[in-house]
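Chain and residue survey
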Amino acid sequence: MKTIVTFGEIMGRLAAPGNLRLRQARQLEVTYAGAEASVAASICNFGGKARYVTALPKHALAEATMDAVRSVGIDTQYVLRTDNGRLGTYFLETGANQRPSNVIYDREDSAIAITPASAYNWTEIFKGAGWLHLSGITPALSKNAAEATLVAAQKAQAAGAKVSIDLNFRGKLWKWDTSKSARELAQETMRKILPFIDVVIGNEEDCYDVLGIRAGDTDVHSGKLDTSRYPDVARQVVAQFPNVSKAAITLRESLSASHNNWGAMLYEAATDTPSFAPLDAEGNYESYKIKNIVDRVGGGDSFAGGLIFALNTPELSDSATAVKYGVAASCLKHSIKGDFNYSTRAEVEALMGGSGSGRVVR
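Now for a quick tour of the structure. Per chain, residues are indexed from 1 in the order of the written sequence. The predicted nature of this model means local features are confined to residues of pLDDT at least 70 and side-chain atom pairs, given and counted, to a pLDDT of 80 or more, with totals for whole chains, interfaces and linings taken over all residues. Excluded from the side-chain calculations are hydrogens and water; all other atoms, namely the structure's heavy atoms, are used.

Pairing between strands requires that DSSP locate at least two bridges from one strand to the other. Working definition: helices are DSSP H or I runs of at least four residues, strands are E runs of at least two. Numbering for both runs from the N terminus. What the 4 strands build is an open sheet, ordered E3-E2-E7-E8; its pairing is mixed. Unpaired on one side and paired on the other, strand E3 (29-33) and strand E8 (102-106) mark the two borders of the sheet. For this sheet, the mean angle separating the axes of adjacent strands, direction not counted, is 25 degrees. Of the pairings in the sheet, the one linking strand E2 (residues 11-15) to E3 comprises 5 bridges and is antiparallel in character. Residue pairing in the sheet places Gly 12 in a bridge with Tyr 32 of E3. In this analysis an axis means a line fitted to C-alpha atoms, helices contributing only their contacting stretch, and an angle means the value between N-to-C directions, from 0 to 180 degrees.

Here it is, written out as structure tokens:
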């Protein structure tokens, strides 16, 4: 496997313990993560090679973020250390039952937000790389970060690497052009990046917010999705951006904050073929029933990491197997505290094979 590069912001995550509300908490649990770093962590934990690129200030907290990233084997040699800017943070309140989780961002003027695209050594970054993964979160941070995301995609494509992006619409972040709404700014910015993308990842809400594409009358908050509509969503993505060879759509049915049903579809444009996972014994789509979620933050990133790892692993790379791997990897992540998925390839493949009882392994 060639090196997989990810580019984006890493932050301090300050979480209220257990299911406490932030206003109740007298101490916060500190970890370090970001969407693209989480994808790189998954790839390394599965046995692949990942290189993470970001900009960070020169202080001890930034060193702690690098310790977290290096601990799973991620290559950080091209992380840019800056004299200006700060470490972004986010505060997490984990929901339960009918109370949703809540995130408060504190990311303005972070190092990556103020660093121009020209500061990164893209030529060296993409040496030996076969893939670049991006997300729609980084370009939401600032005009500089949006331009750096676009340049990264262009440079990766010029270097012969495939490029994937998770649409990841974050309405709380798209504020850097106040003349436009969050959705308008996201659509305008992302439409400049998507012509350089090979694989698009998103959920139903992302497709609507970023591309204006709806899955019919499906309501993601009802706890029931009409999966028959999703191949057409993918076809519309490809119709708008013919450079896209694959489109993955995650299928989350939120019955409560603690109980979600989970699956995904991967659409292959060349053959007009959708592949769903997981499947029942008759080959029909049947979601994973995740009834006691430990931590769903990073769930989508763990799907992206699993999917990208599988697409870059010959024995896992056909679409039906790759989406099956990505969904199983993400299902396991819902049982793990923190943003990173510490599941191994063997554990993912065991779940793919039907070992989902949770019995003690002796």
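Next comes the rest of the account.
Here, a salt bridge means any side-chain nitrogen of Lys or Arg that lies within 4 Å of a carboxyl oxygen of Asp or Glu. Under the counting rule described, the total for this entry stands at 18 salt bridges. Taking the shortest distance from any N to any O, the salt bridge between Glu 9 and Arg 107 comes out at 2.8 Å. Of the two residues, Glu 9 is situated in the loop between strand E1 (3-7) and E2 and Arg 107 in the loop between E8 and helix H3 (111-114); the sequence distance between them amounts to 98 residues. As far as burial versus exposure is concerned, Glu 9 and Arg 107 are alike and both buried. For Asp 295, the salt bridge is made with Arg 13, and the minimal N-O distance between the two is 2.6 Å. With Asp 295 in the loop between strand E15 (288-290) and helix H9 (299-311) and Arg 13 in strand E2, this residue pair connects regions lying 282 residues apart in the sequence. Burial here depends on accessible area, computed with a 1.4 Å probe over protein chains only, as a share of the maximum for the residue type. Under 20% is buried, over 50% is exposed, and the range in between is partly exposed. On the basis of relative accessibility, which here comes to 2%, the residue Arg 13 falls in the buried class. Salt bridges here are not isolated pairs; linked through shared partners, they connect Arg 13, Asp 295 and Asp 339.

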